[in-house]
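Each chain is listed here by its residues.
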Amino acid sequence: MNLLNSDHFWQFACTLYAKPDQQTTLLALQNQQGKNVNLCLLLLYLDSLNLSINTQQLNELTQVVSEFDTYALQPLRAARSYLKANQNTISDYATIRAELLSAELKLEKQQQHMLIEAVNEFELIQHAEPNNIELYMKAT
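Fair warning: this is a prediction, and the values are worked out from it, not measured in the lab.

Enquirer: Describe the side chain of lysine 35, listing the residues and the values that go with them.
Expert: With respect to the element layout, lysine 35 can be found in the loop between helix 2 (22–33) and helix 3 (37–48). Buried and unpaired, lysine 35 has aspartate 69 as its nearest opposite-charge partner, separated by 11 Å.

The structure is reproduced here in structure tokens:
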């Protein structure tokens, strides 16, 4: 059993996401290839710790994020997008946008916590140069 910490993962993710071009790359994976940003970040985190997952574990992690994406994150993103497109007709748009972004960030953090809980149940393999993200990119 691993004892990865969701707060450490959150800090890793925030640091990585803030690097130049990372946000653009990750959002392109999400919007064009249907990949989950938090799962991508987790796989990069595991790579940084020299820990490998296998295909079955990847499938389990995909299941972990799938329902939460469908029922929590995607509807919030859709609402934010709709409001942005119609911001000229929305009174107090800036405040509403800020509150939605804050809620989305809390949901993202919750999803990361869910991923860490799942990974902590896995038997991970120590590997000198893991490439978990490549495994995910090859998955359909």
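Enquirer: Any chance you could break down the packing of aromatic side chains for me, citing the residues and the numbers?
Expert: What the rule picks out here adds up to 2 aromatic pairs. Taking the centre distance of 5.1 Å and the plane angle of 55° together, the rings of phenylalanine 12 and tyrosine 45 count as tilted. Here phenylalanine 12, found in helix 1 (residues 6–18), pairs with tyrosine 45, found in helix 3; they are 33 residues apart in sequence, far enough to count as distant. What makes tyrosine 45 buried here is its relative accessible area of 7%. Members of the aromatic cluster, joined through ring pairs, are Phe9, Phe12 and Tyr45. Note that lysine 35 overlies the ring of tyrosine 136, its terminal NZ or CZ placed 4.5 Å from the centroid.

Enquirer: Just give me the short version of the pattern of salt bridges, but keep the residues and values in it.
Expert: Using the criterion set out here, one finds 4 salt bridges in the structure. Residue arginine 80 pairs with glutamate 104 through a salt bridge whose shortest N-O separation is 2.7 Å. Placement of the pair is arginine 80 in helix 4 (residues 55–85) and glutamate 104 in helix 5 (residues 93–119), with a sequence separation of 24 residues. Since its relative accessible area comes to 24%, arginine 80 is described here as partly exposed. Note on glutamate 104: relative accessible area 8%, which makes it buried. In this structure, glutamate 134 and lysine 138 form a salt bridge, with 3.0 Å as the shortest nitrogen-oxygen distance. You can see glutamate 134 and its partner lysine 138 sitting in helix 6 (residues 132–138), 4 residues apart, about one turn around the helix. Given the relative accessible area of 36%, glutamate 134 is considered partly exposed. Relative accessible area serves as the criterion here: at 61%, lysine 138 is assigned to the exposed category. Each member of the salt-bridge network shares a partner with another, and the members are Arg77, Arg80, Glu104 and Glu108.

The rules we used
- Residues numbered from 1 in each chain as written.
- Predicted model: local features only at pLDDT ≥ 70, side-chain atom pairs only at ≥ 80, totals over all residues.
- Heavy atoms only, no water.
- Helix = DSSP H or I, 4+ residues; strand = E, 2+ residues; numbered from the N terminus.
- Buried < 20%, exposed > 50% of the residue type's maximum accessible area, 1.4 Å probe, protein only.
- Lys, Arg positive; Asp, Glu negative; His and termini not counted.
- Salt bridge = Lys/Arg side-chain N within 4 Å of Asp/Glu carboxyl O.
- Phe/Tyr/Trp six-rings, centres within 6.5 Å; stacked < 30°, edge-to-face > 60°.
- Lys NZ or Arg CZ within 6 Å of the ring centre and 35° of its normal.

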